[in-house]
Every structure is written in C-alpha cells, then in structure tokens.
Amino acid sequence: MTTPAQRRRAVLVRSAVCTLLAVGATFVLDSYANYQLATIAAIFCATAGLTLLVGLTGQLSLGHAVLMAAGGYGYALTAAPLADAGVEGVLRILGGLLGALLLAGAVGGLLGLAGARLRGPYLAGLTLALVIALPAISTQVPALGGAQGVGVPFEGVPDALGGVVSIEQWHAWVAVLVAALAVTPLALVRSGRSGLRMRAVHDDETAARLAGISPARVKTGAFVAGALAAGLGGGVLAVVTQNVSPGAYDLAFSLLLLVAVVVGGLGSIGGAAVGAVLVVLLPWLIDTAVAAVGLPSELEQRLSGNVAVLVFGALLIAVTVVWPGGLSHALGDRIRSLTTRFRPSRTVPQQLTER
Amino acid sequence: MDRIAFLLATGLARGLVIALFALSLVIIWRAARIVNFAQAAMAVVAVFVAFAVTALTDSFWLGLVAALVAGAVVGYAVERWLIRLVPARTPLPGMIVAIGLVMVLQAGIGIAFGPQHRPMAAPFSEQPFTVGGVPVLSPYDLFVLLVALGVVGGLALLFNGTTLGLQMRASAMAPEVSRLLGVRVPRMVTLGWMLSAAVASLAVLLLVPTELGLNAHSGDVLFVHAFTVAVLGGLDSPVGALVGGIVVGVLISLVTGFLGAGLAPIAVLALLTLVLLVRPGGIFAVKEARTA
C-alpha cells in the first residue's frame with residue numbers, strides 16, 4: 001500500500017529521472033537523431049493526454065491532431081508578434097507556448113463540452129468531422145495562412161550555450177523540458193483523486209453519479225487536460241519544424257496518435273512514451289529498409305508510407321484482440337513477476353477493493 | 001432562380017448517394033448496434049473488385065453485381081474473422097479495431113494499386129436534362145434516385161415485413177431473449193454485416209463516376225457525410241437516413257454554390273455539432289438505457 005504523498009513523490013522522481021536521461025542522451029545522439037528525439041517528445045505530449053482520455057474516461061477522440069494543430073497555430077500567432085516587438089530567445093518560446101496553451105485549451109474546452117454530452121461513436125464521429133474540416137478552416141480563416149500554413153520564427157541557440165550545443169540539440173532540450181512540464185501534471189492527475197474519478201465514470205456512469213461525481217465535469221476536465229498537453233506538443237513541433245500547416249495534422253496523423261496510445265497500452269503514461277517512440281521511429285526504419293533493398297522506383301514510391309500504415313493498422317488490431325492492455329501491461333506483468341519472485345514476501349492486508 | 005433550381009437538383013442527386021451510404025450505417029446499427037468506422041474502406045475494396053470486373057467484361061452491370069457480391073463477402077469475412085474476436089462489452093475495442101482495419105485496407109490498396117485516381121465511366125449520360133431552360137437532373141442522377149428508392153423500399157420490406165427482418169431486429173435489441181426463442185443470433189449479425197457492406201459498396205460505386213475516380217480514399221468524405229446524415233436522421237430510421245441524406249446533399253450543394261466549395265466541410269461540421277448538441281443521440285434516437 002502506498003499513500004497519495006508517496007505516489008506523488010514517485011511520479012515526480014520518475015519524471016525527473018526520465019528528463020535527465022533524455023537531456024543526457026542529446027549529447028550522445030547525432031543531429032538527425034536529436035531532431036527525432038524532439039519530435040518524439042512533442043508527440044509524447046499529445047499521446048500522454050490521449051491515453052488518459054481514451055484509457056481512463058473511455059472517450060475516443062479521432063481529432064487529437066487538431067488539438068496539436070491548435071497549439072501550433074497558437075504558438076505561431078503569438079511568437080510572430082513577439083519577434084516583431086524584439087523579444088528573443090527563451091522568453092519568446094515561453095510566450096509562444098502560452099499562446100499554444102490558450103488556443104489549444106479553448107478548442108479542447110469546446111470539444112470537451114460536446115464530449116461530455118456524447119457517447120462513444122458520436123464523439124468519435126464529431127472529432128473525425130473536425131479533422132476532415134481542418135484544411136477548410138485553415139483556408140477560411142485568413143490568419144491561419146491556408147494550405148501553406150504559417151511560418152514560425154527561428155529559435156537559435158542562446159548565447160550562453162553558443163558553441164557548447166548544436167541547434168538540433170537545443171531544440172531537443174526545449175522539447176524534452178516542455179514534454180516534462182506537460183506530462184508530469186498528467187501523471188499526477190492519473191495517480192491521484194481525479195484519476196480515480198475518471199475510472200469511476202468510465203466503469204459505470206450511473207454509479208459514479210450516485211457517488212457524487214459529476215461525469216460531465218470529469219469528462220470535460222479530461223478533455224481540457226489532454227488538450228493543454230497536446231497544445232504544448234504542437235507548440236514544440238512548431239519550434240522544431242518552424243512551420244504550422246494543416247497538411248501536417250491530417251487524419252492519418254490523428255490515427256497515428258491513436259495507434260501510439262493503444263499499442264503502448266491505454267491509460268498508461270509509460271505506454272504513451274513507448275507509442276510515441278514507435279510512431280516516429282518505425283516509419284523511418286521501414287522507409288530506410290525499403291530504400292536499402294533497392295526496388296524499382298515506382299514500387300518504392302507505392303511502398304513508402306503505406307507499409308508503415310499497414311503495420312500500424314495490423315498492430316492496432318492485434319493489440320486490441322490479443323493483448324488488450326498493450327505493450328506496457330504485457331511487459332509490465334513480466335517484469336513485476338520477475339521482481340516479486342526475488343523479493344521476500346510481505347504479509348498482504350485483506351484489501352478486496354484495491355485493484 | 002435558375003441557379004437555385006440547378007443547385008437543388010445537384011444537391012438531390014448528391015444527397016441520394018450519401019443517403020444510400022447512410023442507409024448502410026443504419027442497417028449495421030439495426031443488426032449489431034455498432035457504428036462501423038471501416039465501412040468506407042470495406043466498400044472501396046468491393047468497388048475495386050467491381051472495377052476489375054467492368055474492365056474485364058466491359059459491362060457496368062456485371063460490375064454492379066460484382067460490387068454487391070464482393071461487398072457481402074467482405075462484410076462476411078470482417079464479421080466472422082475479425083469482429084467476433086473483439087470483446088463487445090463496451091463499444092471502444094470495436095471502434096479501435098475498425099480503425100485498424102481502415103488503415104490496413106487503405107494501405108493495402110495503396111500498395112497494390114498506387115495513389116492515382118482511376119476514372120470510371122457512368123452507364124448513363126451525365127448531361128442534365130433542361131426543363132424550361134434550366135438544367136436539372138441527368139439520366140445518371142435519375143438512375144441513382146431509382147436505385148436509392150428501390151433499396152429503401154426493399155429494406156423497409158425486409159425489416160418490417162419478413163420473418164428474417166424481425167429476427168434481425170430482435171437479435172439486435174435483445175440477443176439473449178431472441179436466442180431463447182430460437183433465433184440464430186450470430187447468423188443474423190453476420191447477415192446484417194453482409195447486407196450493410198453490400199449497400200455501402202453500391203453507394204461508393206454510384207459515387208465514383210461523379211468524382212475524380214477510384215482510389216483508396218474515395219469513400220472517406222462520403223463516410224463523414226453519411227455519418228452526419230445517420231446522426232441527423234437517427235441511426236435507427238431508414239426514412240430518416242433518406243431525408244437526412246437529401247438535406248445534407250442540398251446543404252452542401254447550396255453552400256458550395258453560394259459561398260464557395262471551401263466552406264462545405266465546415267457547414268457539415270457545424271450541422272453535425274448543432275444536431276449533437278441539441279439531441280446528443282441524434283434527432284430520432286430512442287433512449288437506450290435509463291440513467292440516474
């Protein structure tokens with residue numbers, strides 16, 4: 001048995017260790033790998049929120065890419081005026097991220113209000129329609145710059161670090177730190193009282209309501225929390241790629257986020273991290289392998305991209321049917337059974353309710 | 001005035017195809033109480049078979065039959081070998097598996113046939129008749145209208161007038177009781193899937209000649225529109241799907257004609273949001289369970 005304070009401390013220690021490890025890794029990795037690390041961190045922000053939303057409250061959102069896009073546009077629309085006003089460096093990044101939080105939070109709040117009233121397939125359909133409408137929205141709203149999207153001011157390495165770290169490494173640091181700021185609160189929510197409420201609403205809404213929990217508030221809250229994290233992810237991606245365009249946040253990307261959380265294990269933050277690594281590295285590995293085989297260019301063009309989607313779709317089906325807990329549960333159970341084997345047994349209190 | 005008449009007629013023709021696809025969503029909802037997110041991808045697979053048959057035999061009608069048969073086979077295969085393995089206690093695993101199926105099917109088609117659009121010829125002229133100087137429906141639109149009405153009529157007859165339809169509705173509403181009364185519930189669910197996939201294939205087959213052509217993503221937007229229609233009309237009501245389809249088709253046509261094509265997806269999204277906010281389960285929805 002652990003107390004809430006112990007659980008909180010464990011979450012904080014774990015996230016600090018992971019952040020330090022990731023920052024340390026940037027010194028070992030080459031520049032392209034650092035770029036990939038930054039992308040993984042950005043996607044991790046979104047998947048961590050999505051895994052809470054789908055795994056804990058049972059709301060299937062197919063439109064999480066739109067929340068990331070909202071964060072990206074929020075960043076771009078705040079950072080550009082700041083750049084004109086002469087604000088530079090870390091201050092500009094923080095300002096942009098604030099814009100990302102505001103816009104993504106607003107969109108997520110609206111979606112959450114809708115989500116609180118809708119059941120399973122209806123919410124999924126609504127978010128699907130939203131992703132499909134994103135290119136049209138970006139064309140109709142002049143500030144969003146249509147299909148080309150909006151440019152984002154370039155963030156160079158600060159003078160204090162000049163010569164010590166490369167530009168890709170600096171971007172990776174920014175991404176990892178923002179991911180830590182985005183995911184740690186989600187992990188605290190998950191292990192705390194709010195997480196318990198979310199599970200209660202998911203298991204039986206009527207029973208939860210009888211126990212004094214407002215399902216509407218819990219569901220909207222989960223959506224907003226996920227949207228804020230996804231917005232930060234979108235903001236980071238905007239810093240790294242220096243552009244926000246609707247083409248980058250299409251339905252395929254939205255489904256990729258879903259693949260990440262399902263394959264990693266619904267409801268598990270570690271699973272979301274594994275999933276984020278998977279959706280960034282696997283397509284790259286497959287494309288590299290396909291290119292290395294040396295097929296005719298027409299066939300190679302057909303295979304590129306499609307093979308990864310095929311593998312992801314098959315993974316999605318296989319994990320749901322065979323391994324409903326995802327990788328984190330399957331591996332976690334193995335590790336747990338190993339550690340308990342070598343640990344002296346303690347007297348277990350009679351706690352039937354603790355799961 | 002002429003413009004409005006033309007836009008209304010175009011909207012009607014477009015809406016009928018959407019209505020037909022929405023009908024397939026209604027069938028599967030009536031038979032199995034699920035929304036099948038893989039419907040469009042499954043239908044596109046069947047239409048690729050039809051395309052091959054038409055290319056081989058040079059006959060649109062054989063292609064049409066092939067689409068129906070292939071659709072039913074795909075529906076059978078997906079239900080028997082995939083959906084049955086999925087735990088059905090909550091709708092979430094089913095939806096996730098359907099999305100995985102979409103990815104597999106679309107990527108598979110992309111690998112096999114490449115990204116280009118394959119044009120498909122319509123069996124009738126697409127030149128509209130003119131009535132009093134105003135271009136209205138084309139012969140092809142009339143054909144689509146007749147097919148849609150025929151399918152709606154046939155389904156109404158099947159679901160309300162035959163023992164098979166009664167058994168299908170019963171096994172969807174109360175599987176346990178139906179089984180006690182001697183209905184083969186799994187067989188009814190499989191039949192529902194086959195019927196639904198066949199109707200969806202028909203809708204995509206009728207859509208393709210009016211669009212750019214056939215590729216892996218031909219059905220995507222149709223699915224979003226049909227989902228909107230199914231929600232608008234209520235997932236339980238074939239007539240609602242027909243009326244909703246025409247409403248959405250005319251709305252898209254009017255918005256495209258007067259405000260520009262870019263606004264059409266936003267108009268559909270706005271309509272869907274509005275309906276879902278006013279009636280979260282759809283306009284004609286029946287309450288499924290009591291809540292506190």
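Residues numbered from 1 in each chain as written. Chains lettered and ligands numbered in written order. Predicted model: local features only at pLDDT ≥ 70, side-chain atom pairs only at ≥ 80, totals over all residues.

The name an unreviewed UniProt entry assigns to chain B is Branched-chain amino acid ABC transporter permease, from the organism Isoptericola chiayiensis. Under the UniProt heading Subcellular location (unreviewed entry), the note attached to chain B is "Cell membrane". Among the UniProt annotations of chain B, the heading Sequence similarities (unreviewed entry) holds the following wording: "Belongs to the binding-protein-dependent transport system permease family. LivHM subfamily." (UniProt positions renumbered as here; feature names shortened; annotations may be inferred.)

S.K.: Help me out: how do you make sense of the overall build of chain B in this one?
M.R.: A tally of regular secondary structure across chain B gives eleven helices and two strands. Listing each helix as α and each strand as β along chain B from the N terminus yields α-α-α-α-β-β-α-α-α-α-α-α-α. Taken against the 2.2 N^0.38 rule, which gives 19 Å for 292 residues, the C-alpha radius of gyration of chain B at 19 Å falls within 12% of a compact globule. Put simply, chain B has 292 residues, and 49% of those count as buried. Partitioning the contacts of chain B with sequence separation of at least 6, the portion at a separation of at least 24 is 71%. (Helix = DSSP H or I, 4+ residues; strand = E, 2+ residues; numbered from the N terminus. Rg over C-alpha atoms; globule rule 2.2 N^0.38 Å. Buried ≥ 20, exposed ≤ 12 C-beta atoms within 10 Å, placed from the backbone. Contact = placed C-beta atoms within 7 Å.)

S.K.: It is not clear to me how the nonpolar core should be interpreted in this structure. Could you clarify?
M.R.: Within soluble globular proteins, side chains that are nonpolar tend to cluster in buried spots. Grouped together as the largest cluster of nonpolar side chains are 216 residues, with contacts concentrated most on Cys 45 and Val 236 of chain A together with Leu 20 and Val 47 of chain B. Per-element tally for this core: the top contributor is helix 1 (residues 2-32) of chain B, with 18 residues. Not counting residues up to four positions away in its chain, the partners in contact with Val 47 of chain B are Ala 67, Ser 201, Val 204, Leu 205, Val 208 and Leu 214 of chain B. (Core = buried A, V, L, I, M, F, W, Y, C linked by C-beta atoms within 7 Å.)

S.K.: Would you explain the interface of chain B and chain A in this entry?
M.R.: Opposite the 39 residues of chain B that make contact, chain A presents 39 residues. Every element with two or more residues in the side of chain B that touches chain A is listed here: helix 4 (91-113), helix 9 (220-233) and helix 11 (264-278) of chain B. The leading source of residues in the side of chain B that touches chain A is helix 4 of chain B, at 16 residues. Among the residues making up the side of chain B that touches chain A, the classes are represented as 29 nonpolar, ten polar and no charged. (Nonpolar A, V, L, I, M, F, W, Y, C, P; charged D, E, K, R; others polar.)

S.K.: It is not clear to me how the environment of Asp 236 of chain B should be interpreted in this structure. Could you clarify?
M.R.: Residues and elements named next belong to chain B. Among the secondary structure elements, Asp 236 is positioned in the loop between helix 9 and helix 10 (238-259). Residue Asp 236 is classed as partly exposed on the basis of its 19 C-beta neighbours within 10 Å. Between the alpha carbons of Asp 236 and Ile 27 there is a distance of 8.1 Å; along the sequence they are 209 residues apart.

S.K.: Honestly, the UniProt feature "transmembrane region" (unreviewed entry) in chain B in this entry has me stumped. Any pointers?
M.R.: Per the UniProt record, "transmembrane region" (unreviewed entry) is found at residues 6-27, 34-53, 59-78, 90-113, 142-167, 188-208 and 266-286 of chain B. Structurally, residues 6-27 of chain B comprises 100% helix and 0% strand, and the distance from its first C-alpha atom to its last is 32 Å.

S.K.: Where do I start with helix 7 (residues 193-203) of chain A in this structure?
M.R.: Along an α-helix, residues three or four apart share an orientation, since each turn contains 3.6 residues. Residue and element names in this part refer to chain A. Within helix 7, the full set of buried residues consists of Arg 197, Met 198, Val 201 and His 202. Seen end-on, helix 7 carries its buried residues on one side only, within an arc spanning 135°. Of the residues in helix 7, the exposed ones pointing more than 90 degrees away from the buried face are Arg 193 and Asp 203. Buried residues in helix 7 make contact with helix 2 (31-56), helix 8 (205-210) and helix 9 (215-241). (Arc of directions from axis to C-beta.)

S.K.: I keep staring at the confidence of the model for chain B and nothing clicks. Help me out?
M.R.: As a general rule, the predicted coordinates of low-pLDDT regions are not to be interpreted in detail. For chain B, the mean per-residue pLDDT works out to 86, and 95% of the residues sit at or above 70. Across the predicted assembly, pTM comes out at 0.88 and ipTM at 0.88. (pLDDT = per-residue confidence, 0-100.)

S.K.: It is not clear to me how the packing of helix 1 of chain B against helix 6 (residues 163-173) of chain B should be interpreted in this structure. Could you clarify?
M.R.: Each pair of packed helices can be described by the angle between their axes along with the distance between the axes. Residue and element names in this part refer to chain B. One way to put it is that helix 1 packs onto helix 6 with a least axis distance of 6 Å and a crossing angle of 65°. Taken together, the axis directions place helix 1 and helix 6 in an arrangement best described as roughly perpendicular. Along its contact with helix 1, which presents Arg 30, Ala 31 and Ala 32, the element helix 6 presents Met 168, Arg 169 and Ala 172. Taken together, the residues of the contact of helix 1 with helix 6 sort by class into four nonpolar, no polar and two charged. (Axes fitted to C-alpha atoms, helices over the stretch in contact; angles between N-to-C directions. Parallel < 35°, antiparallel > 145°, perpendicular 65-115°, else oblique.)

S.K.: Would you explain the packing of helix 3 (residues 64-84) of chain A against helix 4 (residues 89-117) of chain A in this entry?
M.R.: Residue and element names in this part refer to chain A. Relative to each other, helix 3 and helix 4 sit at 140°, their axes nearing to 7 Å. The pairing of helix 3 with helix 4 is recorded here as oblique in orientation. When the axes of helix 3 and helix 4 are compared, the crossing they make is right-handed. The residues of helix 4 that touch helix 3, namely those facing Val 66, Leu 67, Ala 70, Gly 71, Tyr 73, Gly 74, Tyr 75, Leu 77, Thr 78, Ala 79, Leu 82 and Ala 83, are Arg 92, Gly 95, Gly 96, Leu 97, Leu 98, Gly 99, Ala 100, Leu 102, Leu 103, Ala 104, Val 107 and Gly 108. Each residue belonging to the contact of helix 3 with helix 4 can be placed in one class, and the counts come to 16 nonpolar, seven polar and one charged. (Left-handed = near helix turned anticlockwise from the far one by under 90°.)

S.K.: It is not clear to me how the confidence of the model for chain A should be interpreted in this structure. Could you clarify?
M.R.: Here chain A averages 87 in pLDDT, and 95% of its residues register 70 or above. Within the model, pLDDT remains below 50 along residues 347-355 of chain A, and this stretch shows one contact once partners closer than five positions in the same chain are excluded.

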